[in-house]
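Okay, here's what each chain looks like letter by letter:
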Amino acid sequence: MNSLTAHELHQLLLNKKVSSVEITEAVFKQIEKNEDKVKAYVSLTKEKALKNAEEADKRIRSGENIPPLCGIPIAIKDNMCTKGTRTTCSSKILNNYLPPYDATIVKKLDDLLAVPTGKTNLDEFAMGSSTENSGYFTTKNPWDLKTVPGGSSGGSAAATAADECILALGSDTGGSIRQPASFCGVVGLKPTYGLVSRYGLIAFASSLDQIGPITKDVTDAALLLNAIAGYDQKDSTSVNRPVPNYQNSLVNSADKLRIGLISDLMGKGIDEDVKKAIKTAARVFESMGAIVEEVSMPTFEYAVPTYYIIAPAEASSNLARFDGVKFGHRSKEAPDLINMYYNTRKEGFGSEVKRRIMIGTYVLSAGYYDAFYLKALKARTLIKQDFEKAFKRFDILISPTAPSVAFKIGEKANDPLSMYLSDIATIPVNLAGLPAISLPCGFSKGLPIGLQIIGDAFAEEKTLQAAFAYEQHTDWHKKRPKL
Ligand code: GLN
C-alpha cells in the first residue's frame, strides 16, 4: 500500500477498499523496517498522523466531498514550522524549538486532513547538496546506502523513494527539491517564486526560497501543488493571482511544443551517461511531435558565483535572529551578553552555516558591497534576461537536473567548491524565480538520472504537461529501489 501514489490511494479510499488508518500503519511499518538504514526523518509524528487518519476515515465515511490528499501520509521537511512539534532545521541551535504556529502550507494540509508522518532531515538550514551538513546525521540514498540522497531536502526525497511516506514537501533555494529528487529517482517541483506561501518556512535566502512537492509521479506533484499554491497575506512576496487547477495540465500531449535544450548544460563537467539520457529524452519529446532545438544561455557560467554571493548575504541577515535570546539553544558559557551571543552561535551552528554567515557578512560590508553584492544583483538580472530571451522562442527548456548521479557519502564533504557545482543546472532557475521540475529519465551505475524541465514564470501548467507527457511515454518513474 505504501508504495502506491497519492492518486492511486485516493481512488482506493473513495471506493472504501482501504482506510487511511491502514495506509498510515503500512507507512509506519515501512519506517520501522527501513529507517535504521535510510535515516530520512529527524522526528516522527505518529500520534498526530493516526489522529488525522482517523478523522479522514470519518470524513470519507460521511460521504462528503473528499479532496485528493485527505487521508494521505505526507512527510514534511524539518525547516517548516509545525505548531508544538519540534522543528530543527537539522541544526543544533534549534534542537528543542517548538514553533508556536503552523506554516501556511502545514495548516493547509492539515485542513485537508492529510496525514503528517514526520519531519525530514536536511542540510542544516538547507545549506548543502547531500544532507551531510545536517547537525544530526546523514540520510542515505535508498538506491545505494553508500551514496548521498542529495540535498538539502534529502530526507524528503529518500523517504519518498523508500516508501516511508506517500509524498513529501521540500524547499528549494538553489536546487534543494530538484537535485535530491534526481538523486533518489522521484519527481521534484520547484514552483515559481511567489506561488507558494513561505510563511513559516524558516528562511535561508528569502529572495530564492520556495516550497514544493517531492512525489512518486507527476500527477501527485500536480495534486500537491494544488493543495499548497495560492496567495497568502502573511507572506509579503506571495503573488495575488488566481491559481488554476493543475490537474487539468495532466494531458498526454507534447505536439508542437517548442523545447530548448540548454547547450551550456550539456558540455564540460556533465557526466557522459547523464548527457546521453537527456539526449534520449529529447528524442522522446520529438517522437511526440515536439520541436527540440539547442539554446545557449551564455550567462549561466556566472550563476553559481552569483548565487554564492546573494544566498549567503541573505542568510547572514536571516540567521542573525538565532542569538540565544528568542529561539532555541542558549550557551551555558555566558559570562556577559556579548559572550552569550558568541558562544551560543559557536556551539549552535555547524561549519557550513558559519562559512555562509562569514561570506555573507563580508560581501555586504562597507567597501565590499558594491564590488560583490551589487555586482551579483546585476549578474542576476542578466541571467533573468537570458531566460526571457529563451522563452520568446521556446515553451519550455530542458537540461540535466544535476551533472552526475548521486555521489558517495564523504566524496565531496571536504570540498565545498565541488559540492557547490553540483547545483549548476538548478541555481539559474532560482535566480530567475522560475518553475522547474525534475523527473526520472534513466540510470547510470544503477543510480537514477534526473531530467529538468524549466517553465516561464507561472507556467507551471505547461511545465507539468510536458513532464506528464514524457512520463506517459517512459517508465523510469515506476522503478523502485530494493532496500
Ligand atoms: N545546494 C545549494 C546550497 O547549498 C542549494 C540549497 C537549497 O536549495 N536549499 O545552497
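What you see is a predicted model, and the numbers here were worked out from it, not measured in a lab. Counting restarts for each chain: residues are numbered from 1 in the order of the written sequence. Restriction of local features to residues with pLDDT of at least 70 applies here, the model being predicted, together with a cutoff of 80 or more for giving and counting side-chain atom pairs; totals for whole chains, interfaces and linings are based on all residues. The basis for the side-chain values is all heavy atoms of the structure; hydrogens and waters are excluded.

What about the site of the ligand?
Right, on to step 1. Any residue with at least one heavy atom within 4 Å of a molecule or strand is counted as near it. The environment of the ligand is made up of 15 residues, and the closest members are Thr-173, Gly-174, Ser-176, Tyr-307 and Asp-423.
Right, on to step 2. In this structure, Gly-128 approaches the ligand through a main-chain N or O atom, which is 2.9 Å from an oxygen atom.
Right, on to step 3. In this structure, Asp-423 approaches the ligand through a side-chain N or O atom, which is 2.4 Å from a nitrogen atom.
Right, on to step 4. In the complex, 100% of the free accessible area of the ligand, which totals 290 Å², lies under the protein chains.
Right, on to step 5. Gly falls in the polar group here, along with every residue not listed as nonpolar (Ala, Val, Leu, Ile, Met, Phe, Trp, Tyr, Cys, Pro) or charged (Asp, Glu, Lys, Arg). Broken down by class, the residue content of the shell around the ligand amounts to five nonpolar, seven polar and three charged. Distance and chemistry together define a polar contact, namely a pair of N or O atoms within 3.5 Å, with one atom able to donate a hydrogen and the other to accept it when in protein, and with adjacent residues in sequence counting only for side-chain atoms on both sides. Values of accessible area rely on a 1.4 Å probe in the Shrake-Rupley scheme; residue burial ignores everything except the protein chains shown.

Remarks on the environment of Ile-409
Right, on to step 1. Under the DSSP-based scheme used, a helix requires at least four consecutive residues in state H or I and a strand at least two consecutive residues in state E, with every element numbered from the N terminus. Mapped onto the elements, Ile-409 comes out in the loop between strand 9 (396-400) and helix 13 (416-420).
Right, on to step 2. The partly exposed category is assigned to Ile-409, whose relative accessible area is 33%.
Right, on to step 3. A sequence separation of 259 residues divides Ile-409 from Gly-150, and the C-alpha atoms of the two residues are 9.9 Å apart.
Right, on to step 4. By definition in these notes, contact holds between two residues if any of their heavy atoms fall within 4.5 Å. Other than its neighbours up to four places away in sequence, Ile-409 contacts Glu-132, Thr-138, Lys-140, Leu-145, Lys-146, Thr-147 and Val-148. Here the term buried applies to any residue with accessible area under 20% of the maximum for its type, exposed to any over 50%, and partly exposed to those in between, with areas from a 1.4 Å probe on protein chains only.

Concerning the nonpolar core
Right, on to step 1. What is meant by a nonpolar core is a set of buried Ala, Val, Leu, Ile, Met, Phe, Trp, Tyr and Cys residues, joined one to another through side-chain atoms within 4.5 Å. In this structure, Leu-169, Phe-285, Leu-451 and Ile-453 are the most contacted members of the largest nonpolar core, which totals 102 residues.
Right, on to step 2. For Leu-169, the residues in contact, after removing those within four places along its chain, are Ile-74, Ala-75, Ile-76, Lys-77, Met-80, Ile-105, Leu-109, Ser-156, Ile-211, Gly-212, Leu-224 and Ile-228.

Observations concerning the pairing of strand 9
Right, on to step 1. Of all the five residues making up strand 9, five are buried; the element is thus mostly covered by neighbouring parts of the structure.
Right, on to step 2. Here strand 7 (residues 258-262) pairs with strand 9 via three bridges, running parallel. Looking at strand 9, one finds that Gly-260 is bridged to Leu-397.
Right, on to step 3. At least two bridges found by DSSP between two strands is the condition for calling them paired. Direction of pairing for strand 9 relative to strand 11 (residues 447-455): antiparallel, over a ladder of five bridges. In the strand pairing of strand 11, Ser-399 is matched with Gln-452.

So, the packing of helix 9 (residues 303-318) against helix 11 (residues 351-364)
Any two packed helices are characterised by the angle at which their axes cross and by the distance between the axes.
Right, on to step 1. To get an axis, a line is fitted to the C-alpha atoms, and for a helix only the part in contact is used. The angle between two axes follows their N-to-C directions and goes from 0 to 180 degrees. Interaxial distance between helix 9 and helix 11 falls to 7 Å at its minimum, and their mutual angle equals 100 degrees. Relative to helix 11, the element helix 9 is oriented roughly perpendicular. Taken together, the residues of helix 11 that come into contact with helix 9 (itself represented by Tyr-308, Ile-309, Pro-312, Ala-313 and Ser-316) are Arg-356, Ile-357, Ile-359, Gly-360, Thr-361, Val-363 and Leu-364.
Right, on to step 2. Partitioning the contact of helix 9 with helix 11 into residue classes produces eight nonpolar, three polar and one charged. Note on terminology: angles under 35 degrees are roughly parallel, angles over 145 are roughly antiparallel, angles of 65 to 115 are roughly perpendicular, and the others are oblique.

A word on the pattern of salt bridges
Right, on to step 1. Only one rule defines a salt bridge in this text: a Lys or Arg side-chain nitrogen within 4 Å of an Asp or Glu carboxyl oxygen. All chains considered together, the criterion is met by 16 salt bridges.
Right, on to step 2. Of the charged contacts, one joins Asp-111 and Lys-107 as a salt bridge, the two residues approaching to 3.0 Å between their closest N and O atoms. Note that Asp-111 and Lys-107 are positioned in helix 4 (residues 104-111) at a spacing of four residues, about one turn of the helix.
Right, on to step 3. Taking the relative accessible area as the measure of exposure, Lys-107 reaches 43% and is therefore partly exposed.
Right, on to step 4. With a closest N to O distance of 2.9 Å, Asp-163 and Lys-216 form a salt bridge. Placement of the pair is Asp-163 in the loop between helix 5 (154-161) and strand 4 (167-172) and Lys-216 in the loop between strand 6 (210-215) and helix 7 (218-228), with a sequence separation of 53 residues.
Right, on to step 5. A residue is classified by how much of its surface remains accessible, and Asp-163, at 10% relative accessible area, is buried.
Right, on to step 6. Shared partners join several salt bridges into a network, and the residues in it are Arg-258, Asp-395 and Lys-462.

Describing a nonpolar patch on the surface
Right, on to step 1. On the surface, a cluster of nonpolar side chains totalling about 270 Å² of accessible area is made up of Tyr-362, Tyr-368 and Phe-372.
Right, on to step 2. Positionally, Tyr-362 belongs in helix 11. For patch detection, residues must exceed 30% relative accessible area and be free of salt bridges, and they are connected within 9 Å for like charges or within 5 Å for nonpolar side chains (Val, Leu, Ile, Met, Phe, Trp, Tyr).

Focus: the UniProt feature "domain: Amidase" (unreviewed entry) in the protein chain
Right, on to step 1. UniProt positions are given in the numbering used here, feature names are shortened, and annotations may be inferred rather than shown by experiment. The feature "domain: Amidase" (unreviewed entry), as given by UniProt, occupies residues 22-464 in the numbering adopted here.
Right, on to step 2. Within the segment residues 22-464, helix and strand shares are 37% and 14% respectively, and the terminal C-alpha atoms sit 31 Å apart.

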